[in-house]
Structure formats: C-alpha cells, structure tokens
There are 2 protein chains.
Amino acid sequence: MNPSEPSVDRPLRIALLGCGVVGTEVARLLTRDADELARRVGLPLELVGIAVRRLDRDRDLDVPAELFTTDALGLVTRGDIDVVVEVIGGIEPARELILAALEAGASVVTANKALVAEDGARLSAAATKAERDLSFEAAVAGAIPIVRPLRESLAGDRVQRVLGIVNGTTNYVLDQMTTLGQGFSEALEEAQRLGYAEADPTADIEGFDAAAKAAILASLAFHTRVSLGDVHREGISDVTAADVRSAAEMGCVVKLLAICERTETSVGARVHPAMIPLEHPLASVRGAYNAVFVESEAAGQLMFYGPGAGGAPTASAILGDVVSVARNRVREIFGPGETTHADLEVIDVGRARTRYHVAIDVQDRAGVLAVIAQEFARFDVSIKNLRQEGHGSDAQLVIVTHEAEDASLAATVEALRGLDIVRDVSSVMRVEGGI
Amino acid sequence: MNPSEPSVDRPLRIALLGCGVVGTEVARLLTRDADELARRVGLPLELVGIAVRRLDRDRDLDVPAELFTTDALGLVTRGDIDVVVEVIGGIEPARELILAALEAGASVVTANKALVAEDGARLSAAATKAERDLSFEAAVAGAIPIVRPLRESLAGDRVQRVLGIVNGTTNYVLDQMTTLGQGFSEALEEAQRLGYAEADPTADIEGFDAAAKAAILASLAFHTRVSLGDVHREGISDVTAADVRSAAEMGCVVKLLAICERTETSVGARVHPAMIPLEHPLASVRGAYNAVFVESEAAGQLMFYGPGAGGAPTASAILGDVVSVARNRVREIFGPGETTHADLEVIDVGRARTRYHVAIDVQDRAGVLAVIAQEFARFDVSIKNLRQEGHGSDAQLVIVTHEAEDASLAATVEALRGLDIVRDVSSVMRVEGGI
C-alpha cells in the first residue's frame with residue numbers, strides 16, 4: 001500500500017448513535033458543512049444512519065426520515081460503516097455498540113466520559129486489535145482541545161500536574177456564590193432555573209462528572225491507567241457562604257478542581273472544592289466555562305480554556321475527531337492510539353500533599369492558641385498563617401497550613417474537633433495553586 | 001503493508017541542525033529522556049548528528065564530541081536520517097537544508113516561524129511529494145499547543161477569528177507600562193536589562209515576529225494561504241504612557257495583538273497595538289506569557305495560554321512534534337500534512353472592520369463638538385462614547401467609535417488633524433475584543 005494515495009475512493013459512511021442535543025448538532029453540521037468537510041477529509045462524509053430510542057419524536061433536523069433506526073446494533077454491524085459517532089452516553093448499551101462497531105471495521109468517535117473513564121483500557125485494546133481509531137476529545141472539557149495536546153503535543157515532555165475546572169454546573173454555582181454572596185442552595189436553584197444545572201444535579205454537584213474527567217486526564221497526562229474508582233471525590237454541596245467569604249479574605253476564590261499529580265513512581269487523582277489565589281489563571285474562569293491548567297517540566301504552565309459543555313461546542317470537538325479519523329480511513333491507516341506504557345501506582349488521597357484552610361471557633365481564653373498549635377505540631381503539620389478574630393467570649397482562628405500529607409491534615413482536623421476548647425471547626429478546605 | 005506492525009525495527013536516527021539555547025535543550029532532553037521517549041514512540045530515538053557553525057564553542061551538553069559537524073547539508077543528505085530537527089532560524093540556509101532533508105527521506109520538525117510564514121507552501125509541497133511529515137508546533141507561541149488544535153481539533157468547525165498575544169517581549173514591555181506607569185523607552189530598557197528584550201529589539205518591538213506568527217495562524221485557522229507580506233503590521237514604539245492611561249480610564253489594557261479574521265470569501269491578518277477590555281481573557285495575560293484566543297462557530301470562545309518562548313518551552317513543543325513524526329516513521333506513514341484547500345482573498349487592513357479610540361486636543365470654545373462630530377459623520381463613522389475634559393482654554397475629547405472600516409477611521413483621523421480647532425490628535429488606537 002502506498003500511503004500517499006487514497007486507498008478508498010467512495011464517500012465515507014458515518015453512523016450516528018444517539019440524537020439528543022449533541023447528536024442533533026452533529027447531524028446538522030455534517031449536513032450543512034458537507035462540502036467543506038469533504039475538502040478537509042479528501043472525500044465526502046455521508047451520514048447513513050441515526051440510531052435512536054424512539055422514532056416518533058419530533059426532531060429539529062433536516063435529514064431523510066429513513067436514516068433513523070431503533071436498531072443501533074444492526075446499524076454498526078451492517079459492515080460498510082467507516083465511522084461511528086457515539087453520543088448515547090452511559091455504560092450500556094454504549095460499550096457493547098462501540099466494541100461491535102470496532103470489530104465490524106469502523107473507527108469510533110465518542111463523547112462518553114463515563115465509559116472512557118470506567119473501561120477505556122478495554123475500548124483501546126479493541127481499537128488496536130481492529131486497527132481502527134478510537135477518539136474521545138469531546139469526553140473531557142467539551143470543545144476545549146485537551147486530549148490531543150496531552151497525547152501528542154506534550155508527548156515529548158513530562159507533565160507533572162493537571163488542575164482542571166471541568167464541570168460547568170459547579171463552576172457556575174460557585175461563581176454565583178462568589179459574586180452575589182449567595183448560599184449553596186440558592187445558587188443551585190438559580191442554576192437549575194437558568195438551565196445550568198439539571199433537575200437531578202447529583203452527577204455534577206457531587207463531583208461524579210468531574211471525577212470521570214479526572215480519570216481520563218490523569219491517564220492521558222501520565223501515560224498510565226487511572227480509572228474512575230481511583231479518583232478521590234468530594235462535591236460542593238458542603239461549601240458554605242462563609243467558606244467563600246473566608247477565601248475572599250485571603251485573596252482566593254473557591255473552585256471545584258480536578259487534580260492529577262505524579263511523582264517518579266506514582267500518580268494521584270482527586271476532585272474536591274479548593275481555594276485558589278485570585279492571581280492564578282484558573283481563578284478568572286467564570287460561569288459555565290471550563291479550563292485545564294497543565295504544569296509540565298519543559299513547557300512550564302499551560303492553560304486551555306473554553307466552553308465545557310453544550311450541543312454546539314461538544315459537536316465541534318466530535319467533528320474535529322471525525323475529520324481526523326476519516327482522514328485516516330481514506331488512507332487506510334490509523335493513529336498511534338493508546339500511549340499508555342507506564343504502569344504507575346495510583347496513590348490514595350491521604351498521601352497527596354496539600355494545604356488546608358481551617359476556621360476554628362474557640363473559647364477566647366488564655367492558652368487556647370498554644371493548645372491548638374500543639375495539635376498541628378503533633379501531626380507534623382506546619383502553620384503558615386494564623387488570624388484570630390474575637391466574637392464576645394468566643395474567638396475564631398483562621399489557619400492556613402504549609403503543605404503536608406492529606407491524611408495528616410485530616411487527622412489534625414479530627415483531633416481539633418475533639419478538643420474541649422473548640423466549639424466548632426466551621427470550615428475546612430484545601431488550598432491549591434500556590435500562594 | 002500492514003499498518004499495525006512496525007515497519008521499522010531499528011533506532012530512529014535524529015539529526016539536529018543548530019545548537020543554540022533551544023537546540024541544546026532538545027539534545028539534552030533527547031538524551032536524558034531516551035528511555036521514556038522510546039516507550040512513547042515504540043522505538044529508541046538516537047541523536048546521530050548535530051550541525052553547528054563552529055566546533056570550538058563551549059557547550060553545556062553531555063553528548064559525544066564526534067556528533068558535532070559543520071557540514072549540515074552532508075548530515076541531512078547522508079541517507080539514513082529519519083527525523084531532522086531544524087532550530088537554526090532565518091530563511092537560508094534553513095530552507096535549503098529542510099528541502100534537502102525531505103528529499104533525502106527524513107521527516108522535518110522546525111521552529112522556524114520566519115521560514116514557515118514566508119515559504120510554508122513550498123515546504124509543505126516538498127513534504128507531500130516526499131511522503132514525509134513537516135511539523136512546526138514550536139514556530140507559533142512556543143510551548144502552547146496551537147498548530148495541532150487548529151489543524152486537527154477544530155478541523156470540523158469554522159474558525160471565525162483568532163486574537164493572539166504572540167510576542168513575549170512586547171507583552172512584557174506593555175505590561176510594565178501598565179503596572180508601573182513607565183514610558184515606552186524606560187520599559188524597553190528594563191526589559192533589555194532583564195533579558196526579555198534583545199539588544200536590537202526591532203523584530204519584536206516593531207511586530208515583525210508577531211506578523212510571521214499571524215501569517216501562520218491565519219493559514220492554519222482558515223485552511224488557506226496567508227504569507228508574511230499579507231499581514232498589516234504596526235509595532236508598539238509609538239504607544240505612550242498617555243495611551244496606556246487612556247485605556248485604563250475606559251477599563252481597558254493595551255496589548256500587541258495578532259488578529260486573523262475571515263468572512264465568507266476573504267481573510268485578513270494584522271498586527272498592531274490595541275485596547276482590550278479588562279474582562280477579556282487576553283487582558284490578564286501578563287509578562288512574557290503568550291495566549292491565543294480563538295472564536296469558532298460551534299466551539300465558541302477558546303483560549304490557549306502558556307510561555308511563548310524560551311529554551312525549555314520551545315524544546316517541549318519540538319519534542320512533541322518529534323514523537324509524533326517518529327511514531328509515523330515507525331509505521332512508515334505520514335500525517336495529513338497541509339490542510340490548505342481554500343483559496344480565500346486576503347484583504348487589505350483598510351477593509352478590516354475595527355473600532356478606534358481617539359484623543360483630540362481642541363480649543364475649548366462653542367461649536368467645537370459639532371465640528372468634530374461632523375467629521376466623523378462625513379466618513380460614516382458612528383461615535384459610541386465621547387468624554388470631554390477641560391484644560392484651561394483647551395479641552396481634550398476622548399472618543400470611542402462604533403465598528404467601521406479601518407480606512408474610514410483612518411481618513412477621519414486624518415481629516416481631524418487638518419482642522420484649525422484641533423491642536424493635536426494625541427492618541428489613536430484600535431479597540432478590540434468587544435465592549
């Protein structure tokens with residue numbers, strides 16, 4: 001085979017699985033931009049089938065009715081499909097369909113973060129075996145190109161850390177709490193009213209969505225395998241207006257961060273709310289926008305910013321993948337696929353090195369400070385800043401620690417809670433992004 | 001050929017052309033990270049030659065002395081080189097060497113923005129003919145992955161506009177002027193003292209460097225051919241402390257922007273200082289950092305941020321390209337190459353639609369405002385904001401226009417300068433980034 005000449009010279013056949021908001025937009029752009037896409041790929045892309053759950057739904061889409069089918073498996077296995085686009089989401093039947101599509105000779109483009117995070121290794125192995133491409137740029141941070149930069153652009157560098165704002169709903173809620181001083185429930189209700197949060201917001205608010213993306217980011221950044229179950233996860237439902245005020249007082253803002261880190265021999269991935277300094281590039285990521293901040297040994301600090309969700313942005317990422325894998329199909333080649341070659345231990349969050357912001361309500365009497373300081377010292381946690389504010393017979397201590405193992409910090413807070421002189425540990429939050 | 005199996009099973013041979021700051025870093029990382037890079041590529045990468053101008057220079061590099069040669073052409077044409085890395089810069093002999101390398105069967109990775117901007121079409125054609133890769137991620141915005149995202153990730157979308165801060169020297173100087181209130185000369189001298197500007201800073205300060213990057217960005221973003229000569233260019237040497245203050249008064253900051261725009265049938269590329277609102281993501285790009293802001297139809301607003309220059313960041317971008325083209329060499333394939341398929345007219349800056357900020361020193365007497373307003377109306381330029389400040393018998397008018405053709409705006413300013421009542425048009429600057 002001479003790779004300079006197209007090995008295929010008929011239109012490439014595209015099958016679309018799922019036709020919700022994203023799928024509709026994909027179908028619309030494939031149709032509207034057909035000429036332009038054909039020029040970019042080298043051959044026309046022909047949408048030959050759309051698998052849906054129900055045929056009788058009204059769709060705002062100008063494609064022939066006969067394209068729709070409820071037989072997704074039949075569509076992907078009919079034998080002449082070049083590229084399958086999966087936007088159903090969830091584990092099954094998406095997994096079964098993708099595996100069947102690859103086996104039947106199609107390359108696959110998916111936006112399915114849950115599936116890639118849970119079973120990426122199996123999908124990749126199937127793609128390699130089938131000599132086809134599996135692309136999932138849309139699975140992380142919507143339209144923001146991050147999969148390709150991590151997998152290819154930074155392939156000659158050593159990524160050390162990835163900090164991501166990868167969930168628009170939680171960023172919108174925290175942003176409202178910050179700018180309007182709203183409490184969590186109030187901000188969430190408004191987000192739901194405006195369509196930034198779903199009726200059941202659990203997947204977003206409790207960090208499940210961000211955790212899936214963290215697993216994918218860590219796998220790509222460190223060329224190893226990190227699964228959803230490896231990611232430590234805390235959501236934002238316990239973040240209070242007082243936390244947000246406390247953050248502001250120390251020149252910080254509260255964000256839900258996906259954090260992926262590596263040492264020489266291990267990696268860690270965690271999702272939790274954290275305070276970051278206002279000067280940090282992530283601090284100015286507002287509303288429903290997403291951003292991924294990458295610290296790499298040679299490249300230094302990079303940031304990728306853009307809309308993290310939505311029909312059109314997600315469709316943009318999917319179509320970028322479709323063009324890439326279609327170009328490969330034209331020449332009957334496929335990309336380098338998985339770049340997983342490291343086998344790094346995934347460490348528990350307890351061993352992550354972080355810093356804590358702790359607000360403690362104490363009795364305002366002599367010797368309190370010494371007792372509190374002693375607890376920190378006992379767990380080998382060094383205090384960086386301490387601020388005391390009197391409230392009648394009570395006082396509040398606001399402490400920011402130096403970096404220490406998360407487990408030591410957690411144990412310190414636990415011990416503080418057991419002290420007689422401590423009325424309440426009213427706020428505990430990690431501090432990230434250096435200050 | 002079965003593309004799933006490596007067609008090559010010996011170490012891949014790398015030749016390095018140039019061994020200055022960037023070349024030294026490339027050689028250092030190729031040596032230090034040899035094991036890791038071999039795992040990522042699938043085969044070891046062996047640095048087999050380094051072409052330099054002088055052999056007797058002291059180099060802080062732990063490689064065998066016999067690798068160095070002054071015969072660059074002999075090195076790239078010896079017939080067994082897989083990848084040539086060109087970091088000499090400038091037009092010749094870089095062009096001759098790259099063309100010879102491709103013809104001799106090597107893929108080429110270059111950081112040479114001047115050459116790619118001036119003669120990219122010829123280099124690409126030579127790569128296609130030779131069935132080899134030509135990659136130049138390091139040529140634009142240093143370590144920031146922008147070439148691959150524009151060429152691949154956004155290949156299914158329609159990029160409408162690119163706004164870039166792509167020159168670290170000018171951004172550093174403008175940043176100093178903004179934060180310290182320094183004048184241009186003072187800020188430039190400090191930048192030179194700290195190594196952010198060269199002894200002869202012309203290429204940076206006058207926008208030549210940014211213009212080369214604008215040509216490359218426009219070509220990639222719009223899949224057409226824009227050359228250095230097509231780019232309108234103005235530097236920052238006329239930016240005054242008063243301009244910077246004026247910008248601050250309207251909630252803006254002055255940046256040197258590379259702007260690439262398209263309509264249905266045409267593209268434009270220009271480099272000039274401009275005021276952008278503080279809320280714009282580009283406004284917070286500080287010091288020597290670079291950022292590229294992309295407005296795309298489906299994806300929306302994206303931004304790519306990172307260090308724009310320096311040995312290590314540039315080496316990171318180069319090694320990313322080396323890994324990609326080496327992976328292709330292993331399988332004896334090559335990437336899609338040029339995605340230039342559009343042939344869009346490049347329009348003159350006069351036809352670009354922009355907005356102007358104009359400060360006019362006038363005699364403070366009745367009827368002045370009417371005369372000034374009449375001049376704007378005569379050229380069909382609509383005024384958005386007008387602020388008047390008295391200074392004894394004089395007054396200053398600060399006007400921000402609505403969007404109009406650049407030529408009309410320029411003609412308006414020219415006409416204002418000819419009016420008796422106008423003592424001076426003390427500041428003229430374009431306003432970008434919407435407000």
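Here, every reference points to the structure presented above.
Report follows, based on the coordinates. For clarity, every value in this text was computed on a predicted model and none was experimentally measured.

1. Digging into the overall build of chain A
Then, number 1: When helices and strands are counted, chain A shows 14 helices and 18 strands.
Then, number 2: Computed over C-alpha atoms, the radius of gyration of chain A comes to 24 Å, within 12% of the 22 Å expected from 2.2 N^0.38 for 435 residues, which places it in the range of a compact globule.
Then, number 3: Dimensions of chain A along its principal axes, counting C-alpha atoms only, are 85 × 45 × 35 Å.
Then, number 4: Burial statistics for chain A: of 435 residues in total, 59% are counted as buried.
Then, number 5: Across chain A, the fraction of contacts at a sequence separation of at least 24, relative to all contacts at a separation of at least 6, is 73%.
Then, number 6: For chain A, the accessible surface area stands at approximately 16,500 Å², while carbon and sulfur atoms represent 47% of it.
Then, number 7: Within chain A, the 64 negative side-chain charges are centred at a point lying 2 Å from the centre of the 42 positive side-chain charges.

2. Re the interface of chain A and chain B
Then, number 1: Taken together, the contact between chain A and chain B spans 55 residues of the former and 55 residues of the latter.
Then, number 2: Where chain A abuts chain B, roughly 4,800 Å² becomes buried across the two surfaces, and 52% of that area is made up of carbon and sulfur atoms.
Then, number 3: Put simply, chain A and chain B have six salt bridges between them.
Then, number 4: Glu297(A) is the partner of Arg32(B) in a salt bridge, and the nearest nitrogen-oxygen pair spans 2.6 Å.
Then, number 5: Seen at the junction of chain A and chain B, the total is 18 residue pairs in polar contact (both at pLDDT 80 or more).
Then, number 6: For the side of chain A that touches chain B, the secondary-structure elements that each account for two or more residues are helix H1 (21-32), helix H2 (34-41), helix H6 (147-153), strand S12 (300-307) and helix H12 (311-330) of chain A.
Then, number 7: The element best represented in the side of chain A that touches chain B is H12(A), accounting for eight residues.
Then, number 8: Across the side of chain A that touches chain B, the residue classes break down as 26 nonpolar, 13 polar and 16 charged.
Then, number 9: Two elements, S12(A) and strand S12 (residues 300-307) of chain B, share three bridges in a ladder whose sense is antiparallel. Bridging from a neighbouring strand, Met303(A) pairs with Tyr305(B) of S12(B).

3. Some remarks on the pairing of strand S18 (residues 422-431) of chain A
Residue and element names in this part refer to chain A.
Then, number 1: With two bridges joining them, strand S10 (residues 266-277) and S18 adopt parallel strand pairing. When the sheet's bridge partners are listed, alanine 274 is paired in S18 with arginine 430.
Then, number 2: As paired elements, strand S14 (residues 353-363) and S18 share eight bridges and run antiparallel to each other. For arginine 355, the partnering residue across the bridge sits in S18 and is valine 431.

4. Regarding the pattern of salt bridges
Residue and element names in this part refer to chain A.
Then, number 1: One pass over the full model with this rule turns up 64 salt bridges over all chains.
Then, number 2: A salt bridge links aspartate 119 to arginine 95, with the shortest nitrogen-to-oxygen separation between them at 2.7 Å. In this pair, aspartate 119 sits in helix H5 (residues 113-130) while arginine 95 sits in helix H4 (residues 94-103), placing the two residues 24 residues apart along the sequence.
Then, number 3: According to the relative accessible area criterion, aspartate 119 is buried, its value standing at 15%.
Then, number 4: Across the salt bridge formed by glutamate 261 and arginine 161, the nearest N and O atoms sit 2.8 Å from each other. Here arginine 161 lies in strand S7 (residues 159-165) and glutamate 261 lies in strand S9 (residues 252-262), a separation of 100 residues in the sequence. Both residues of the pair, glutamate 261 and arginine 161, belong to the buried class.
Then, number 5: Taken together, the shared-partner salt bridges connect Arg161, Glu261, Arg270, Glu295 and Glu432 into one network.

5. Examining the relation of the copies chain A and chain B
Then, number 1: Once chain A is rotated about the relating axis by 180° and shifted along it by 0.0 Å, it coincides with chain B to within an RMSD of 0.0 Å. On this basis, the relationship between the two copies can be described by a two-fold rotation axis. The rotation axis passes nearest to the C-alpha of Phe304(A) in chain A, at a distance of 2.4 Å.
Then, number 2: Most of the interface of chain A is mirrored in chain B, where 100% of its interface residues are also at the interface.

6. Looking at helix H8 (residues 184-193) of chain B
Residue and element names in this part refer to chain B.
Then, number 1: Listed as buried for H8 are Phe184, Ala187, Leu188, Glu190 and Ala191. One side of H8 carries all its buried residues, which in axial view fall inside an arc of 160°. Exposed and facing more than 90 degrees away from the buried side of H8 are Glu189 and Arg193.
Then, number 2: In this structure, the buried side of H8 is in contact with helix H7 (168-180) and helix H9 (202-205).

7. Some details on the packing of helix H7 (residues 168-180) of chain A against helix H8 (residues 184-193) of chain A
Residues and elements named next belong to chain A.
Then, number 1: Running from N to C, H7 and H8 cross one another at 125°; their axes reach a closest spacing of 9 Å. In terms of their interaxial angle, H7 and H8 are classed as oblique. Both H7 and H8 take part in a crossing whose hand is right-handed. Judged by residue contacts, Tyr172, Val173, Gln176 and Met177 of H7 engage Phe184, Ala187, Leu188, Glu190 and Ala191 from H8.

What counts, and at which threshold
Residues numbered from 1 in each chain as written. Chains lettered and ligands numbered in written order. Predicted model: local features only at pLDDT ≥ 70, side-chain atom pairs only at ≥ 80, totals over all residues. Heavy atoms only, no water. Helix = DSSP H or I, 4+ residues; strand = E, 2+ residues; numbered from the N terminus. Rg over C-alpha atoms; globule rule 2.2 N^0.38 Å. Buried < 20%, exposed > 50% of the residue type's maximum accessible area, 1.4 Å probe, protein only. Contact = heavy atoms within 4.5 Å. Areas by Shrake-Rupley, 256 points an atom, 1.4 Å probe, with all protein chains shown as cover. Lys, Arg positive; Asp, Glu negative; His and termini not counted. Charge placed at Lys NZ, Arg CZ, Asp CG, Glu CD. Buried area = accessible area lost by both parts, 1.4 Å probe. Salt bridge = Lys/Arg side-chain N within 4 Å of Asp/Glu carboxyl O. Polar contact = N/O pair within 3.5 Å; in protein donor to acceptor, adjacent residues only side chain to side chain. Nonpolar A, V, L, I, M, F, W, Y, C, P; charged D, E, K, R; others polar. Pairing = 2+ DSSP bridges. Least-squares fit on C-alpha atoms with pLDDT ≥ 70 in both. Arc of directions from axis to C-beta. Axes fitted to C-alpha atoms, helices over the stretch in contact; angles between N-to-C directions. Parallel < 35°, antiparallel > 145°, perpendicular 65-115°, else oblique. Left-handed = near helix turned anticlockwise from the far one by under 90°.

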